[in-house]
Structures are given as C-alpha cells and as structure tokens.
Amino acid sequence: MIAFVLSGAGNRGPLQVGAVRALLEAGIKPDMIVGTSAGAINGSFLAAHGPTVAATEAMEKLWVSATADEIYPEGILEILWRLRSKANSLFTGNGLRAMLERAMPPGVTTFGQCKVPLYTTATDLRSSRLYVFGDIATAPLIDAVQASATVPVVHAPIDYAQAQLVDGGVVANVPVSVAIDHGAKTLYVINAGYNEQILAPAHGVLEVLMRTLSSMISQNIIQDIARAKADDTIDLHHIPVHADDSISFFDFSHSAEMVQQGHAAAQAYLAAPAPMAPMMPAAAPGPDLPGATPYTPPYMTEI
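Residues numbered from 1 in each chain as written. Predicted model: local features only at pLDDT ≥ 70, side-chain atom pairs only at ≥ 80, totals over all residues. Heavy atoms only, no water.

A few points about the pairing of strand β2 (residues 32–35)
Using the following cut-off: Burial classes follow relative accessibility: with a 1.4 Å probe on protein chains only, a residue under 20% of its type's maximum area counts as buried, one over 50% as exposed, and anything between as partly exposed. In this text, helices come from DSSP runs of H or I with a minimum length of four residues, and strands from runs of E with a minimum of two, each type numbered from the N-terminal end. DSSP calls a pair of strands paired once it identifies at least 2 bridges connecting them. When the strands point away from the viewer, a crossover counts as right-handed if the route from the first strand across the helix to the second turns clockwise.
Neither face of β2 is left uncovered, since the one carrying Met32 and Val34 and the one carrying Ile33 and Gly35 both have all their residues buried. Two elements, strand β1 (residues 2–6) and β2, share four bridges in a ladder whose sense is parallel. Each residue of the ladder has a partner; that of Val5, found in β2, is Val34. Once the chain exits β1 it traverses helix α1 (residues 13–25) before rejoining the sheet at β2, and the crossover so formed is right-handed. Sheet topology places β2 next to strand β3 (residues 118–124); three bridges connect them, and they run parallel. Note that in β3 the partner of Ile33 across the bridge is Leu118.

Here we look at the packing of aromatic side chains
To describe a pair of aromatic rings, you give the distance between the ring centres and the angle between the ring planes. Counted only if it meets this: The criterion for an aromatic pair is that two Phe, Tyr or Trp rings (for Trp, the six-membered ring) have centres within 6.5 Å, with stacked assigned to planes under 30 degrees apart, edge-to-face to planes over 60 apart and tilted to the rest.
Going through the model one piece at a time under the given rule, you end up with four aromatic pairs. For the ring pair Phe111 and Phe133, a centre distance of 6.4 Å and an interplane angle of 15 degrees mean the geometry is stacked. Of this pair, Phe111 sits in the loop between α6 (94–103) and β3 while Phe133 is found in strand β4 (residues 129–133), placing the two residues 22 residues apart along the sequence. On the basis of relative accessible area, Phe133 is assigned to the buried category, the value being 9%. Ring-pair connections join several aromatic residues into one group, and the members of that group are Phe111, Phe133 and Tyr160.

Thoughts on the environment of Pro73
Rule in force here: Any two residues having at least one pair of non-hydrogen atoms within 4.5 Å are treated as being in contact.
In this fold, Pro73 is placed in the loop between α4 (68–71) and α5 (76–84). Sequence separation between Pro73 and Gly95 is 22 residues; the distance between their C-alpha atoms is 6.3 Å. Beyond its immediate stretch of four places on either side in the chain, Pro73 contacts Ala68 and Gly95.

Section: the pattern of salt bridges
This is how it is decided: A pairing counts as a salt bridge when a side-chain nitrogen of Lys or Arg comes within 4 Å of a carboxyl oxygen of Asp or Glu.
One pass over the full model with this rule turns up four salt bridges. Note that Arg21 is salt-bridged to Glu60, the shortest N-O span being 2.9 Å. Within this pair, whereas Arg21 is found in helix α1, its partner Glu60 is found in helix α3 (residues 53–65), the two being separated by 39 residues in sequence. Classification of Glu60 as buried rests on a relative accessible area of 17%. With a shortest N-O distance of 2.6 Å, Arg102 and Glu70 are connected by a salt bridge. On the criterion of sequence distance, the pair formed by Arg102 in helix α6 and Glu70 in helix α4 is long-range, its members being 32 residues apart. Given the relative accessible area of 44%, Arg102 is considered partly exposed. Taken together, the shared-partner salt bridges in this structure form one network comprising Arg97, Glu101 and Asp143.

Description of the side chain of Gln16
Mapping Gln16 onto the fold places it in helix α1. With a relative accessible area of 0%, Gln16 lands in the buried category. Non-local contacts of Gln16, meaning those with residues more than four positions away in its chain, are made with Leu6, Ser7, Ala9, Ala38, Gly39, Asn42, Ile190 and Ala192.

The following block contains the structure:
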C-alpha cells in the first residue's frame with residue numbers, strides 16, 4: 001500500500017504540489033494520503049479531486065492565486081483590537097477557511113466522500129494530544145483540515161467538541177507513523193518543513209514566532225523517520241523539498257517558482273532513489289559562539 005505523506009510547510013505548500021506532480025507523472029499513485037498543516041491542505045485537495053496530474057495543476061492555481069490579504073484579511077486596527085481584547089490569535093482564520101471551501105469540489109464535505117483515503121492531524125491544546133481525522137467517514141473535512149493548518153497565535157484555535165485544536169505539526173509535522181499504523185508499506189514522504197539553512201536574523205514579532213515554531217517542529221520528525229528506517233517491511237522514500245528560507249511566512253508571491261522547485265527535487269530523487277535523503281547539513285549547523293559548543297543529540301545522528 002502506497003502512502004503520500006505531506007509535511008507541514010506553511011506558505012511553502014506549493015513545493016509539495018510540484019513534488020506530487022512528479023510522482024504522479026512517474027506513475028506513482030497513492031492508496032492513501034496523510035497530511036499535516038499545509039500538507040493537510042494539499043492532501044485534502046488531492047484526495048477530494050483524485051490523485052491526478054490535472055489535480056496538481058488545479059492545486060497550483062489555488063496556491064498561485066492565494067495572497068496574504070486573502071489568508072490574513074484583518075488590518076492592523078483589527079489586530080490591535082484583538083490584542084487588546086485578549087483574543088486567542090492575531091487573525092481570525094476566516095480567510096484560511098474561505099480558501100479551503102473554495103478548494104473543495106461541490107458536495108465533498110466529509111472524509112468518506114474523498115476519492116482516496118485521507119488522514120489529517122491536529123493538536124489539542126487542552127490535552128496536548130495529537131488527533132487523527134479520517135478513520136470516521138462522517139468526520140467534517142473542512143473543520144479537520146482547518147484545524148490541522150491553524151498555526152498557534154497566528155490563527156484562532158478551532159473549537160471542536162471538547163477540544164481546542166491547532167496545527168498538527170506542533171506534535172507531528174511529518175506524520176509518518178500515521179501512515180504506517182494505517183497499513184502503508186511504501187511511503188513517499190514529501191518534507192517541505194525541515195530547515196537546513198543559516199538564516200538572516202528574524203525581524204518582527206511574527207517572524208520571531210514563526211522561526212521559533214519552525215525550530216521546535218523541525219526536531220519532531222526524527223523519531224518517525226527513524227521508526228520507518230528501522231522497519232524492514234517499510235519502503236521509505238524521504239524527499240526533502242526546499243525553497244529560499246529567507247522568504248517571509250506571509251509572502252505568497254513565490255508559489256509558481258516553488259512548484260517548479262518541488263517538481264525538480266522529486267524528479268532528481270526519482271532519478272536516483274535513496275532509502276533516506278539527508279536531513280542534517282554536512283557542515284556545522286551554526287556559528288561559533290563564545291563560551292558555547294554546538295551539540296547534536298544522539299537521536300538526531302542515528303538517521
């Protein structure tokens with residue numbers, strides 16, 4: 001059973017679109033799709049429309065047409081009012097939901113109506129647990145995908161039953177184990193969320209927040225990948241896809257070029273498949289700091 005596993009990626013979601021297109025062009029089709037955050041957005045689109053090259057072309061149009069003003073429509077005065085009134089986020093999430101609703105085919109409102117089994121993740125702030133949507137066919141698709149893509153502080157948590165749901169990437173940014181536990185034996189892991197570059201200093205509260213979340217999230221994929229590597233029954237294909245990490249989280253103007261970058265990265269991988277593409281940079285990952293020495297935890301060197 002083949003699974004496409006799509007990581008969180010933020011506005012780098014178009015990287016996954018290009019990579020998925022390359023896989024489909026090569027005749028590789030998923031029996032299931034597992035996605036987190038932006039990966040849940042892409043995964044839901046692909047599962048609802050069907051995993052075809054034509055669907056990736058429509059996905060590209062969705063990303064290219066997206067703008068920061070659409071996803072984050074609140075102006076500075078409303079943001080200041082939300083801060084003053086102790087709202088749970090800077091933005092409401094209404095723009096994100098409108099994008100998701102526009103992406104779904106007419107009549108597709110639940111997981112059971114998707115053409116390919118889909119699983120998405122979300123984190124409950126009340127219990128600190130990861131939840132997986134997709135096992136129950138009647139689960140609401142838009143609610144689940146929006147929860148998976150709800151970045152804490154940026155977008156308001158989704159109140160769902162007794163839970164307060166946010167981005168699944170907080171706990172599992174690359175949900176490999178979800179795919180394995182649902183029977184997948186061949187995994188194409190399209191990872192657009194791991195940062196191997198030394199970046200310019202962050203400027204502004206939101207950029208500092210997003211860098212902080214990225215640093216936390218980038219560490220939580222190690223154990224899942226290591227589990228897949230250690231299991232002889234799993235055929236693992238880890239495909240890192242990267243864009244210029246200096247691009248702001250709120251900049252959607254590079255979507256078209258990201259699609260091409262993701263497509264090229266997946267094509268290069270397929271031309272020379274490897275059980276595990278490198279995740280760690282070959283050189284020292286950071287500058288020399290007076291009085292401090294770099295340290296890499298053992299679990300990060302085992303893969």
